[in-house]
Amino acid sequence: MDLTLKVWRQKDKNSPGQMVTYPVKGISPDMSFLEMMDVLNEDLLRKGEDPIAFDHDCREGICGMCSLYINGRPHGPERGTTTCQLHMRHFKDGDTITIEPWRAAAFPVHKDLVVDRSAFERIQQAGGYISVNTGGVPDANAIPIPKSIADKAFDAATCIGCGACVAACKNASAMLFVSAKVSQLAMLPQGKAERKTRVENMVAQMDIEGFGACSNTGACAAECPVGISMENINMLRSEYLYAKATSENI
Amino acid sequence: MNWFTKTFSSTVGRKIVMSVTGLFLCSFLVVHLIGNLQLFRNDGGEAFNIYSDFMAHNGIIRFMEIILVLGFLFHIYDALVLTRRNKAARPVSYANSHPEENSTWASRNMGLLGTVILVFLIVHLWNFFVPARFGGLEAVPDKDYDNLYSEIVLAFKNPIYVAIYVISMIALAYHLIHGFQSAFQTLGLDHKKYTPFIQKFGVAFSILICLGFASIPLYFFFFV
């Protein structure tokens, strides 16, 4: 496959960036999108040019490091897929592909396609944890959890924190991410102790980071590579209202 | 800031204000449409004129009018604050973006639709509310109430007004199709038992209410 790539190039945080066009030749349809980028980078290195910086780690779709806004969609055109799991067979020979970084004030561009997602870490640090020591292994039947709740909590826990929800949202809102982290713990007995403070602090941190508000467009859930549901956002809202009305924090 | 103002100036809290005021304004639409249906009575506007005289002078209605104005003001103010914030959250936009692949047009353009509705609201108040409420109408001969009906007949002979009204009702329908069900989500009211019903009801509500309102200028233009 021969392709034309239009890629966002930006030297560093403070430099202005621009779209640069690169031709790539001889791409196998069995390659992943990132392998295609590797081919381009090897070509750039051979020519003595600066390779394109992009985030990646496990390349198995579970770590949440890869990103890329491909042809106007986070993680590209396939649903339920991370960029590393997106294969070139979904493109046609001769296609022009635009590749941009996530765009959000809270995710400043480090270099080229790499954005700083530490805003997510700070939201997690504001309350996305349980502060009890794990201790010994409890008896399996000591803490009964209904199957439906266990399933929902597990589904929320599959969030890999990649930021596609922010990238897809017209408001660059982080509600899907934050809600997955909030509801996952709020539903389980171990998370109940810090339930109210958690949602209050995480929402406050989300606002401090400069993410937008949620308009319920559903773009986040539609683009989420692991299928986090909008139900979590609605759960966050009732958690938030309940916490604000009843918590001890003035 | 105390906990109350903190709650309602967060992004989640402001959306709750949008949601509650939005649903309140929906209830106003129902009352307004039911009242206006009297325009279709074949009595030369007598029932409608008595009704509009009551609406312009009754004390309880006066009080509700203040609540209604506050509902509009909070809805518009929070919309402005949130829109500014949302724009600031993405200072650099995408060179190539395909939001139509993941969301509906109406859900992404609530601000635009709302602006159309606001412009309509100003025109509409100027046409009928201001003269009915603050004077400027002729009284019905031998009666102690004003003739708002004749004002409506006159206004809707003008095709420009008819077009403005009908287009605005289309904008309102799209605003409500997203807004009605979205308001329930924003309040965290989401359950597989009743959410599908709310969504279907919201679409039916939006279309029927706006068809009802749009039929008034069309009726007067073509049949009166």
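As the structure is a computational prediction, the values presented were derived from the model and not from experiment. Per chain, the residues get numbers from 1 upward, laid out in the order the sequence is written. Labels are handed out in written order, letters beginning with A for the chains and numbers beginning with 1 for the ligands. The predicted nature of this model means local features are confined to residues of pLDDT at least 70 and side-chain atom pairs, given and counted, to a pLDDT of 80 or more, with totals for whole chains, interfaces and linings taken over all residues.

Okay, the domain arrangement of chain A next. All names here are of chain A. Note: domain ranges come from an automatic or database domain assignment. Splitting chain A by domain gives domain 1 (3–110) and domain 2 (117–246). Between the C-alpha centres of domain 1 and domain 2 there is a distance of 29 Å. Charged residues are taken to be Asp, Glu, Lys and Arg, nonpolar residues to be Ala, Val, Leu, Ile, Met, Phe, Trp, Tyr, Cys and Pro, and polar residues to be all remaining types, Gly included. Here the side of domain 1 that touches domain 2 is composed, by residue class, of nine nonpolar, seven polar and two charged.

Residues and elements named next belong to chain B. UniProt positions are given in the numbering used here, feature names are shortened, and annotations may be inferred rather than shown by experiment. UniProt records the feature "transmembrane region" (unreviewed entry) at residues 16–40, 60–80, 110–129, 160–180 and 201–222, using the numbering of this structure. Counted over residues 16–40, helix gives 84% and strand 0%. Its end C-alpha atoms are 37 Å apart. Taken end to end, residues 201–222 has its terminal C-alpha atoms 31 Å apart, with 100% of it in helix and 0% in strand. A run of DSSP states H or I qualifies as a helix once it reaches four residues; a run of E qualifies as a strand once it reaches two. Both are numbered from the N-terminal end.

On to unusual backbone geometry, then. All names here are of chain A. Positive phi, close to 80°, is recorded for Leu68, a residue that is not glycine. You can see Leu68 is positioned in the loop between helix H1 (33–46) and strand E3 (69–70). On the basis of neighbour count, Leu68 is assigned to the buried category, with 27 C-beta atoms found within 10 Å. Residues other than glycine seldom take positive phi values, yet Asn71 does so here, at roughly 50°. In this scheme every C-beta is placed from the backbone, and a residue whose C-beta has 20 or more other C-beta atoms within 10 Å is buried, one with 12 or fewer is exposed, and one in between is partly exposed.

Moving on, we come to the interface of chain A and chain B. Contact between residues is assigned whenever the C-beta positions, reconstructed from backbone atoms, fall within 7 Å. Taken residue by residue, the interface counts 39 residues in chain A and 35 residues in chain B. Listing elements by their share of the side of chain A that touches chain B, those giving two or more residues are strand E5 (96–100), helix H6 (195–208), helix H7 (219–223) and helix H8 (231–246) of chain A. With eight residues, H8(A) is the largest single contributor of residues to the side of chain A that touches chain B. Its residues assigned to classes, the side of chain A that touches chain B shows 18 nonpolar, 12 polar and nine charged.

This part takes up H8(A). One less than the residue count of a helix, multiplied by 1.5 Å, gives the span that helix is expected to have. The first and last C-alpha atoms of H8(A) sit 22 Å apart over 16 residues, in line with the 22 Å expected at 1.5 Å per residue. Buried-residue contacts for H8(A) involve helix H3 (147–157), helix H5 (175–186) and H6 of chain A together with helix H1 (3–9), helix H2 (11–36) and helix H8 (159–186) of chain B.

Once that is clear, we can look at the sheet that holds strand E2 (residues 18–24) of chain A. The pairing of strands in a sheet happens through backbone hydrogen bonds and is either parallel or antiparallel. Residue and element names in this part refer to chain A. Being paired, for any two strands, means DSSP has found at least two bridges between them. Read from one edge to the other, the open sheet built from five strands follows the order E2-E1-E5-E3-E4, with strand pairing classed as mixed. Taken across any chain shown, the strands that pair with only one partner, and hence form the sheet edges, are E2 and strand E4 (73–74). To obtain an axis, a line is fitted to C-alpha atoms, over the contacting stretch when the element is a helix, and the angle between two such axes runs from 0 to 180 degrees between their N-to-C directions. Contacting strand E1 (3–9), E2 and E3, H1 runs over the sheet at an angle of about 90° to E2.

Residue and element names in this part refer to chain B. Between H2 and H8, whose axes approach to 9 Å, the crossing angle comes to 135°. Overall, the two elements H2 and H8 adopt an arrangement that is oblique. In this structure, H2 meets H8 at a crossing whose hand is left-handed. Where H2 approaches H8, its residues Lys15, Ile16, Met18, Ser19, Gly22, Leu23 and Cys26 are matched on the opposing element by Gly179, Phe180, Ala183 and Thr186. Each residue belonging to the contact of H2 with H8 can be placed in one class, and the counts come to six nonpolar, four polar and one charged. An angle counts as roughly parallel when it lies under 35 degrees, as roughly antiparallel when it exceeds 145, as roughly perpendicular when it falls between 65 and 115, and as oblique in every other case. If you view the pair so one helix is near and one far, a crossing is left-handed when the near helix is turned anticlockwise from the far one by less than a right angle, and right-handed when it is turned clockwise.

Turning our eyes to something else, we now look at the nonpolar core. Within the largest apolar cluster, 76 residues are counted, with the highest numbers of intra-cluster contacts made by A:Cys165, A:Val166, A:Leu176 and A:Val178. Take this core: its biggest share by element is eight residues, from H5(A). Residues lining this core come from more than one domain, with at least three contributed by each of domain 1 (3–110) and domain 2 (117–246) of chain A. Ignoring sequence-local partners within four residues, the contact set of A:Leu176 consists of A:Cys165, A:Cys220, A:Ala221, A:Cys224, A:Ile228, A:Asn232 and A:Ile233. Core membership is restricted to buried Ala, Val, Leu, Ile, Met, Phe, Trp, Tyr and Cys residues, and these are joined into a nonpolar core through C-beta atoms within 7 Å. In terms of nonpolar packing, the next biggest core, distinct from the first, is built from 16 residues, B:Met110, B:Tyr165, B:Leu176 and B:Ile177 among them.

Residue and element names in this part refer to chain A. At their nearest, the axes of H5 and H6 sit 10 Å apart, and the two run at 175° to each other. By the criterion of interaxial angle, the relationship of H5 to H6 is roughly antiparallel. Residues Val178, Lys181, Val182, Leu185 and Ala186 of H5 touch H6, and the partners they reach there are Arg195, Arg198, Val199, Met202, Val203 and Met206.

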